[in-house]
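Residues per chain, in single letters:
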Amino acid sequence: MAMSPRPPDIPSPCVAVCVIDNDTGFCKGCYRTIEEIGGWMLMSREEKEATLARLAERQAKAP
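## A few points about the overall build of the protein
Right, so step 1: Regarding its fold elements, the protein presents two helices and zero strands.
Right, so step 2: By residue count, 27% of the 63 residues in the protein fall in the buried class.
Right, so step 3: The contacts in the protein between residues at least 6 apart in sequence include a share of 37% that link residues at least 24 apart.
Right, so step 4: On the protein, roughly 4,900 Å² of surface is accessible, and the fraction owed to carbon and sulfur atoms is 60%.

## A short note on helix 2 (residues 45–61)
Every α-helical turn comprises 3.6 residues, leaving residues that sit three or four positions apart pointing alike.
Right, so step 1: Its 17 residues give helix 2 an end-to-end C-alpha distance of 25 Å, which sits within 8% of 24 Å, the value for a rise of 1.5 Å per residue.
Right, so step 2: Among all positions in helix 2, only Lys48, Thr51, Leu55 and Arg58 are buried. The arc that holds every buried residue of helix 2, seen down its axis, measures 80°, which confines them to one face. Those residues of helix 2 that are exposed and angled more than 90 degrees off the buried face are Glu46, Ala60 and Lys61.
Right, so step 3: Where the residues of helix 2 are buried, they touch helix 1 (34–39).

## Here's the deal with the packing of aromatic side chains
Right, so step 1: With the rule as written, the count across this model stands at zero aromatic pairs.
Right, so step 2: Above the plane of the ring of Trp40 lies Arg32, whose end atom (NZ or CZ) is 5.4 Å from the centre.

## Remarks on the environment of Glu46
Right, so step 1: Residue position: Glu46 is located in helix 2.
Right, so step 2: Along the backbone, Glu46 and Ile10 are 36 residues apart, and their C-alpha atoms lie at a distance of 9.8 Å.

## Observations concerning the pattern of salt bridges
Right, so step 1: Tallied over the full model, the rule gives four salt bridges.
Right, so step 2: As a salt-bridge pair, Asp9 and Lys48 come within 2.9 Å of each other at their nearest N and O atoms. One end of the pair, Asp9, is in the segment before helix 1; the other, Lys48, is in helix 2, and 39 residues separate them in sequence.
Right, so step 3: When its relative accessible area of 2% is taken as the criterion, Lys48 is described as buried.
Right, so step 4: One salt-bridge network, held together by shared partners, links Glu36, Arg54 and Arg58.

Criteria and cut-off values
- Residue indices follow the written sequence of each chain, beginning from 1 at its first position.
- Where local features are concerned, this predicted model is filtered to residues with pLDDT of at least 70; where side-chain atom pairs are given and counted, the filter is 80 or more; whole-chain, interface and lining totals use all residues.
- Hydrogens and water are ignored here; the side-chain numbers use all heavy atoms of the structure.
- The numbering of helices and of strands both runs from the N terminus, where a helix is a DSSP run of H or I of at least 4 residues and a strand a run of E of at least 2.
- Partly exposed describes any residue whose relative accessible area lies between the buried limit of under 20% and the exposed limit of over 50%, with all areas from a 1.4 Å probe on protein chains only and scaled to the type maximum.
- We call two residues in contact whenever any of their non-hydrogen atoms come within 4.5 Å of each other.
- Only the protein chains shown count as cover for residues, and all accessible areas are computed by the Shrake-Rupley method using a 1.4 Å probe.
- Here, expected helix span is obtained from the residue count minus one, scaled by 1.5 Å.
- Each direction from the helix axis to a C-beta atom contributes to the arc, which is the arc of those directions.
- Aromatic contacts are taken between Phe, Tyr and Trp rings whose centres are within 6.5 Å, Trp giving its six-membered ring; a plane angle under 30 degrees counts as stacked, one over 60 as edge-to-face, and the others as tilted.
- Any Lys NZ or Arg CZ that is within 6 Å of a ring centre and within 35 degrees of that ring's normal is treated as a charge sitting over the ring.
- Within this document, salt bridges are pairs made up of a side-chain nitrogen of Lys or Arg and a carboxyl oxygen of Asp or Glu, the two lying within 4 Å of each other.

This is the structure we're talking about:
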């Protein structure tokens, strides 16, 4: 029985502007928390997709 190819991993949203905003706790470049940044490689595909959805919301609310 042939195995299905594994879907490609979701790339990190890092944009190389790694500065945590003291007021929000979010990176000013990618809008992740330090915990989300540190845990990215261990997250499941579903967790990464959920994180990306939160990032879009955070970015939309950013000043």
